[in-house]
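Fold and geometry: a report
Listed below, chain by chain, are the residues.
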Amino acid sequence: MNGEALWNHIISGLSSSEEEIQTTTGLWFTASSRDGRLYVDRAINNSPSSELSMKRTISKKDFLFVHSYYDRWVNGEKGVRHEVSRKSRNTAYIFALIEKYLDNEMRKS
């Protein structure tokens, strides 16, 4: 699924509720969307929670940028996570969202 389609899929999937998702490092966070925007915040029901000090907006531009690295990261290319993390502070959250929503799509197919 291309980045634009996945962005729209995640936004519409989260529009009706908040969802707690776990990063690959084991931290939980809450993801939500409103008015076409994506938000992440600390987890309430699961621990350990990410240590976000306040709700953070993830822009579509940031999402698409991080998404462009996803396949390289998932295929184990060395240094990719570090490279993308230097340009986006939301890498762990975006990778977790991509993984969850791509996995859900694969199970439907």
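Residues numbered from 1 in each chain as written. Predicted model: local features only at pLDDT ≥ 70, side-chain atom pairs only at ≥ 80, totals over all residues. Heavy atoms only, no water.

**Details of the overall build of the chain**
A tally of regular secondary structure across the chain gives four helices and four strands. Moving toward the C terminus, one meets the helices and strands of the chain in the order α-β-β-β-β-α-α-α. Relative to the globule expectation of 13 Å for 109 residues, the C-alpha radius of gyration of the chain, 13 Å, shows essentially globular dimensions. When its C-alpha atoms are laid out on the principal axes, the chain stretches across 35 × 30 × 25 Å. (Helix = DSSP H or I, 4+ residues; strand = E, 2+ residues; numbered from the N terminus. Rg over C-alpha atoms; globule rule 2.2 N^0.38 Å.)

**A look at the packing of aromatic side chains**
Aromatic rings considered in pairs are described by the distance between their centres and by the relative angle of their planes. Overall, the coordinates contain six aromatic pairs when judged by the stated rule. On the basis of an interplanar angle of 70° and a centroid distance of 4.9 Å, the ring pair of Phe29 and Tyr93 is categorised as edge-to-face. With Phe29 in strand 2 (residues 28–34) and Tyr93 in helix 4 (residues 91–108), the pair connects residues that are 64 residues apart, well separated along the chain. Note on Tyr70 and Phe95: the rings are 5.7 Å apart at their centroids and 65° apart in plane angle, and the pair reads as edge-to-face. On the criterion of sequence distance, the pair formed by Tyr70 in helix 2 (residues 60–74) and Phe95 in helix 4 is long-range, its members being 25 residues apart. You can call Phe95 buried: its relative accessible area is 0%. Taken together, the ring pairs connect Tyr70, Trp73 and Phe95 into an aromatic cluster. Residue placement shows Lys55 over the ring face of Tyr39; its charged tip is 5.5 Å from the ring centre. (Phe/Tyr/Trp six-rings, centres within 6.5 Å; stacked < 30°, edge-to-face > 60°. Buried < 20%, exposed > 50% of the residue type's maximum accessible area, 1.4 Å probe, protein only. Lys NZ or Arg CZ within 6 Å of the ring centre and 35° of its normal.)

**A few points about the pairing of strand 1 (residues 19–22)**
The sheet contact formed by strand 1 and strand 2 spans four bridges and is antiparallel. Within strand 2, the residue paired with Ile21 across the bridge is Phe29. Where strand 1 folds back on strand 2, the antiparallel hairpin that results is connected by five residues, among which Gly26 adopts a positive phi of roughly 95°. (Pairing = 2+ DSSP bridges.)

**Here's the deal with the nonpolar core**
Counting 27 residues, the largest nonpolar core has Ile10, Phe29, Leu38, Phe63 and Leu97 as the members making the most contacts within it. Of all elements in the fold, only helix 1 (3–14), strand 2, strand 3 (37–42), helix 2, helix 3 (80–85) and helix 4 reach the threshold of two or more residues within this core. Here the element with the most residues in this core is helix 4; it accounts for eight residues. When residues no more than four places from it in sequence are discounted, the contact partners of Phe63 are Gly3, Leu6, Trp7, Ile10, Leu38, Ile58, Ile94 and Ile98. (Core = buried A, V, L, I, M, F, W, Y, C linked by side-chain atoms within 4.5 Å. Contact = heavy atoms within 4.5 Å.)

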